[in-house]
Amino acid sequence: MISIPHKAKQLLVFTIKLLIVIGAFYFIYDQIANNSKLEWSKFQTLVLEKTSATTIIFILLFSVANRYFEILKWQNLVTFIKPISVGEASKHVLGALTAGIYTPNGLGEYAGKAMFFKKEQTKKVVFLNLICNGIQMILTIIFGILGLFLIGYWKWALAIIGIAVVLFLIAVLSKNITIKGYSIQKLLHKINEIPKKIHRKNILLGVCRYLVFSHQYYVLFLVFDVDLPYLTLISSIAAVYFLASSLPSFQFLDFAVKGSVAMFFFGKYGINEWIVIFISTLMWFLNVVLPVVIGSYYVMRFKLNDKKA
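Residues numbered from 1 in each chain as written. Predicted model: local features only at pLDDT ≥ 70, side-chain atom pairs only at ≥ 80, totals over all residues. Heavy atoms only, no water.

(A) Inspection of the overall build of the protein chain at higher detail. On a plain count of helices and strands, the protein chain comes out with 12 helices and zero strands. For the protein chain, the succession of helices and strands along the chain, N to C, is α-α-α-α-α-α-α-α-α-α-α-α. Sequence separation of at least 24 residues holds for 76% of the intrachain contacts in the protein chain that already meet a minimum separation of 6. If you sum the accessible surface of the protein chain, you get close to 16,700 Å²; carbon and sulfur atoms cover 69% of it. (Helix = DSSP H or I, 4+ residues; strand = E, 2+ residues; numbered from the N terminus. Contact = heavy atoms within 4.5 Å. Areas by Shrake-Rupley, 256 points an atom, 1.4 Å probe, with all protein chains shown as cover.)

Okay, here's the thing in structure tokens:
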């Protein structure tokens, strides 16, 4: 085995960290500066007209709560390996978010979180992150289908439920089939190894996080004077998040995907498409860009000897 000198290893790690941070900020800048759908003069006018310092602080608190619940979810799941503090969990979550911003569906987050653990724990960390993201996706599907029913897209909802039932039956019938040593039966066994107390807390925190970011979206519509009944608006938001999350995407393109889906649903209520685009952009900025800025700090401070867990 080739031994890499310590200084060379330090230089390599620093270069990788720098590339991650530069790449993240480049993709963010590219989307903000070169997106033809955004008219920044109109955006600034709307923001100045519709917001106050109190409103901005209130909306920012939603973003803080959103990431805080995600951090608590990760802290809860990692207790299966070893108890960690909220500060340590914050480092893992925000650093991984930065690493995963330009990977499809945030896949880079899996590697990002694993870098804070010993090499032999990588598979377990990746599995825990799958559980962490999996429950959020399941909740998004449940609320999304309910939302589709409530706004009248019941045929879509029934079709999705039908597909889900078929996939479930296929999974049950093929649970013992092994592919390269992996099977659904083995996956279920691994899930059951995690204490039920951790699963229950994970679900509760996932519900809290879902309610926070969906209602942040709702509040932004109220700020921009969108006058729709609560149930109609929140159900449409649930449908948008569900369908947008089902599409392959990158974190840095998140607002474009959600914005396009949102325009389809909210356009039917006569809402100005610019308001829909601006709100989708604000949600992306508040819940992706700002956490990535903080996460960049953790990425740059990462050292190989941080792998204490």
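(B) The pattern of salt bridges, seen in detail. As enumerated under the stated definition, the model contains three salt bridges in all. With a shortest N-O distance of 3.4 Å, Lys-73 and Glu-70 are connected by a salt bridge. Note that Lys-73 and Glu-70 are positioned in helix H3 (residues 53-78) at a spacing of three residues, about one turn of the helix. In this pair, the class of Lys-73 matches that of Glu-70, namely buried. In this structure, a network of salt bridges that share partners links the residues Glu-70, Lys-73 and Arg-209. (Salt bridge = Lys/Arg side-chain N within 4 Å of Asp/Glu carboxyl O. Buried < 20%, exposed > 50% of the residue type's maximum accessible area, 1.4 Å probe, protein only.)

(C) A look at unusual backbone geometry. A positive phi angle, near 60 degrees, is found at Asp-225, a position not held by glycine. Tracing the backbone through its elements, the reader meets Asp-225 in the loop between helix H9 (196-223) and helix H10 (230-245).

(D) Representation of the UniProt feature "transmembrane region" (unreviewed entry) in the protein chain. When the UniProt feature table is mapped to this numbering, "transmembrane region" (unreviewed entry) covers residues 12-32, 52-69, 125-150, 156-173 and 274-299. The distance from the first to the last C-alpha atom of residues 125-150 is 38 Å, and the span holds 100% helix and 0% strand. The straight-line gap between the two end C-alpha atoms of residues 156-173 is 26 Å; of that span, 100% is helix and 0% is strand. (UniProt positions renumbered as here; feature names shortened; annotations may be inferred.)

(E) View of the environment of Lys-123. Following the sequence through the fold, Lys-123 ends up in helix H6 (residues 122-150). Expressed as a C-alpha distance, the spacing of Lys-123 and Tyr-110, which sit 13 residues apart in the sequence, is 9.8 Å.

(F) Structural view of the packing of helix H4 (residues 86-99) against helix H12 (residues 273-301). Between H4 and H12, whose axes approach to 7 Å, the crossing angle comes to 110 degrees. Put simply, H4 runs roughly perpendicular to H12. Here H4 contributes Ser-90, Lys-91, Leu-94, Gly-95, Leu-97 and Thr-98 to the contact with H12, which in turn contributes Val-288, Pro-291, Val-292, Ile-294, Gly-295, Ser-296, Tyr-298 and Val-299. (Axes fitted to C-alpha atoms, helices over the stretch in contact; angles between N-to-C directions. Parallel < 35°, antiparallel > 145°, perpendicular 65-115°, else oblique.)

(G) Geometry of a nonpolar patch on the surface. Among the surface-exposed residues, Leu-146, Phe-149, Leu-150, Trp-154, Leu-158, Ile-161, Val-165, Phe-168, Leu-169, Val-172, Tyr-230 and Leu-231 lie close enough to one another that they form a single nonpolar patch of about 1,100 Å² accessible area. Of all the elements in the fold, those that place two or more residues in the nonpolar patch are H6, helix H7 (154-173) and H10. When residues in the nonpolar patch are grouped by element, the largest group, seven residues, is from H7. With respect to the element layout, Val-165 can be found in helix H7. Assessed through its relative accessible area of 43%, Val-165 is described here as partly exposed. (Patch = residues over 30% accessible without salt bridge, like charges linked within 9 Å, V, L, I, M, F, W, Y side chains within 5 Å.)

(H) Quick peek at a positive patch on the surface. Residues Lys-123, Lys-124, Lys-186 and Lys-190 make up a contiguous surface patch of positive charge. When residues of the positive patch are traced back to their parent elements, those giving at least two are H6 and helix H8 (184-193). The residue Lys-186 is located in helix H8 in this model. (Lys, Arg positive; Asp, Glu negative; His and termini not counted. Charge placed at Lys NZ, Arg CZ, Asp CG, Glu CD.)

(I) Highlighting the packing of H6 against H10. At a minimum axis distance of 7 Å, the contact between H6 and H10 shows a crossing angle of 130 degrees. With respect to each other, H6 and H10 are oriented oblique. In terms of crossing hand, the pair formed by H6 and H10 is left-handed. Contact with H6, carried on its side by Met-137, Thr-140, Ile-141, Phe-143, Gly-144, Ile-145, Gly-147, Leu-148 and Leu-150, involves Leu-231, Ser-235, Ala-238, Ala-239, Tyr-241, Phe-242 and Ser-245 of H10 and no other residues of that element. Residue classes in the contact of H6 with H10 are distributed as 11 nonpolar, five polar and no charged. (Left-handed = near helix turned anticlockwise from the far one by under 90°. Nonpolar A, V, L, I, M, F, W, Y, C, P; charged D, E, K, R; others polar.)

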